[in-house]
Amino acid sequence: MSARVAADPEQGLHVPPVDKPDGRHGAWVRRVDGDLRPQWFGASAEIADNHRAITAADRMARTLGLSVSFSPGTYNLLADLLMTATWRLHEETILRFAGRGLTKGRRLIAMRSYGGREHRTTRLGHPPVFPRAALRDGAAGTKLVRTVSPSDAEAFAPGSIVRVSFGYDPYDADDPLYRYDRLNRVVRRDTVSGQIELETAIDAPIKAWGFEPGGPFYDPADWRAGERIAAGECRYHPHLAPGKLGGDPNIGGVFRARTTGTCRGADLLHDDGVAWDRVTNDYNGPGNVNQAQPFGRGTPYIDGRPVIELVDQPVNDIALIGGTILWAGTYPAIMGVEMRSVYRCRCEGTVIRSETQPVDIRWAVSEGSNGCLLADNVDATRPVAIKAPQDRTISIYSSDLVVRDHHYVQARVPSSLPLILVESFANLKISDNSRFESLSKGPSMTFCAATGGATFSIVDSTITGFAIVFIQRNPFTSAIGAEWFHAGQFKTVRGNAIEVSERQIRFAAQDFSSRDLYVGNRLTLTHPDTNHGNDRSFIPRAVRPVDIRFQPRAAQKNTIVPLDEPLGSAIFLSAEARWDNPREGGEIAVYPRRAKGRELGRMLTSLVARNGGILLSDTAPRGVVSGDGTAGRLIDRTAGEALHISYDSNQRGVSGTVSVRIWVMTE
């Protein structure tokens, strides 16, 4: 009894005699039939700070495997809450946060496994805080992983929460931007074979990236002038001297030869005999191959080796249900609800709003969280009116999240920052009548940005008031390949009502999203040069190429080449062209145009080539390319508009054939 009394300092369930407070002589025990109540631990709408009482109720609920139920009323809080058990808030329950600021910002309600950063396995060579083991390579979509040493599987008992991570970080060893990182649950294990069955499939190939012992990047030789190098070989180039840090971290590191040749020049970075691709920089662990342990040669668990790690004191299978989270501070809060390093947690039917100052990120899901859900929540915060905050309704980082029936309808201060950010191999799926409406309709407003290998899907929802709907950032390459690690991918976009400027239907050079991204949605096209009242409905049915071929003539200017067949209303997406059998010294510029009748019309983009080089190609762009080759434009047949091309040429711009392919989206 004394241990139970000691674990209940607020006497919510255990009340010892006043003269014998340690519980060794017994205590009154509250009879509990159902959820715990914060009021039992001292919570009240009448006091200035309920943090201690609510925290005590939460800890006791976690110990007993119960939930916490809140009665109607406003509960004042002067500090953030760490949530480790399910909370059920009445529809008239308000958790009102205020109080002093924190150096790293306020996170009002956090679901967070114990240790946070300690669970990250990206730090090269650091000794394990909790049991972990190296994994063998495996295919994507598997629930079965295998430890390199079969006996290591003993540390991962069925039911335990684990973290699986792999990949390398070529820029910052403390940040898993380029790593796959997810929590999971062990179903069963086999210590003879080392096989561990997980509850949730891993959606990327489990693959060592070459930094493991024996891998090509583990112990590369130093670069030497005059050395013959084969394509694929690796060399290490220190930016000062072996064993010393300092200077520019982007100078040294591990490099891989793209071509075969003999090293020439002052150093590897200025080598004109071999083309090199950077694998790491000098501050990244694998780059520091000349460093002493725990960061250099011979270090166990080299960064990039697939790893399974036991999560100590995990937060999993809990929910925040109902109620309102109110920010009443005199400065911006960083986050409303944070899910960090958790497994299968959810937030349902909750409203986040603010009195005067904004909440920068209303829902943040990060650091390997897996199987998380946001459903029927409402973002009712005040617009952000200062430059520092990101003003996001959802931000997801290296995690998996499903969002259903999410509502964001408010006047957002115009900003190019995205309302939703999906980054670092995150996977976000939005569905079920979610609504995202910016009433301010700012000219630079962005709905969603995907970056660093993330994937984003949205179906049966509404997106309106954003000038830019989808945008990609930070492309990069990887050892696994672009199918899995890419700039950012908009994977499934179907059944949505989307308001979008015709000029923002675009596809960038590193875009791994499909060309038919908008097909299967209901578009409202906003014209950049007219008022909102001139919007036009457009329901795209397909994306198709339009091919034009012609024999160029010398010294032409604005010469029109019509389409072979008339084209109905369509949205211009992009253009590419090739000039076959050109004359030496020839130059040609091709201009797809939107026009009425035989007039020259408005240029949509320009494609320029000299000496017959490729004008624009999906696979190998060369030569000189100018203009915006990826901006969308509506060619409205009902308004008498048509698509054709014009071209200019110099005196030698003759002979051969120019082939132009224009990609359009048709109704």
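Residues numbered from 1 in each chain as written. Predicted model: local features only at pLDDT ≥ 70, side-chain atom pairs only at ≥ 80, totals over all residues. Heavy atoms only, no water.

A. Structural context of the sheet that holds strand E38 (residues 455–459). Ordered by their spatial adjacency, nine strands build an open sheet running E3-E6-E22-E26-E29-E32-E35-E38-E41, and the pairing between neighbours is parallel. Every interior strand has two partners, whereas the edge strands, strand E3 (68–70) and strand E41 (489–494), have only one. Recorded for the sheet is a direction-independent mean angle of 10 degrees between the axes of neighbouring strands. As defined by bridge partners, strand E6 (residues 87–89) adjoins strand E22 (residues 319–321) across two bridges and the pair is classed as parallel. Bridge pairing in E22 places Arg88 opposite Ile321. Together, E3 and E6 form the strand contacts of helix H2 (residues 51–64), whose direction differs from that of E3 by roughly 145 degrees. (Pairing = 2+ DSSP bridges. Helix = DSSP H or I, 4+ residues; strand = E, 2+ residues; numbered from the N terminus. Axes fitted to C-alpha atoms, helices over the stretch in contact; angles between N-to-C directions. Contact = heavy atoms within 4.5 Å.)

B. Just the sheet that holds strand E7 (residues 93–97), in detail. Strand order in the open sheet made by the 11 strands is E4-E7-E23-E27-E30-E33-E36-E39-E42-E43-E44, with mixed pairing throughout. The open sheet is flanked by strand E4 (73–77) and strand E44 (536–538), the only strands paired with a single partner. Looking at each pair of strands side by side, their axes are set apart by 20 degrees on average, direction ignored. Two strands pair when backbone bridges link them, and strand E39 (residues 462–464) and strand E42 (residues 497–501) are joined in this way by two bridges, in the parallel orientation. Its bridge partner being in E42, Thr462 is matched across the sheet by Ala497.

C. Just H2, in detail. With 14 residues, H2 extends 20 Å between its outermost C-alpha atoms, agreeing within 8% with the 20 Å of an ideal straight helix rising 1.5 Å per residue. Residues of H2 that are buried include every one of Ala53, Ile54, Thr55, Ala56, Ala57, Asp58, Met60 and Ala61, and no others. Looking at the buried residues of H2, the elements they touch are E3, E4, strand E5 (81–82), E6 and E7. Gly65 occupies a position one or two residues after H2 and carries a positive phi of about 70 degrees. (Expected span 1.5 Å × (residues − 1). Buried < 20%, exposed > 50% of the residue type's maximum accessible area, 1.4 Å probe, protein only.)

D. Region of interest: the pattern of salt bridges. Tallied over the entire structure, the rule returns 25 salt bridges. Among the ionic pairs, Glu338 bridges to Arg107, the shortest N-O distance being 3.6 Å. Placement of Glu338 in strand E24 (residues 333–340) and of Arg107 in strand E8 (residues 107–112) is noted, with a sequence separation of 231 residues between them. Of the residues examined, Glu338 reaches a relative accessible area of 2% and is grouped as buried. A salt bridge links Asp317 to Arg185, with the shortest nitrogen-to-oxygen separation between them at 2.9 Å. A residue pair is termed long-range when its members are at least 10 positions apart, and Asp317 in the loop between strand E21 (315–316) and E22 and Arg185 in strand E12 (residues 180–190) qualify at 132 residues. (Salt bridge = Lys/Arg side-chain N within 4 Å of Asp/Glu carboxyl O.)

E. Seen up close, the pairing of strand E35 (residues 427–431). With four of five residues buried, E35 lies mostly within the body of the structure. Bridge count between strand E32 (residues 400–404) and E35: five bridges; the pairing is parallel. By the bridge assignment, Val402 is partnered in E35 with Lys429. Sheet topology note: the E35/E38 ladder contains four bridges and is parallel. Within E38, the residue paired with Lys429 across the bridge is Ser457.

Geometric values such as these leave the question of function open.
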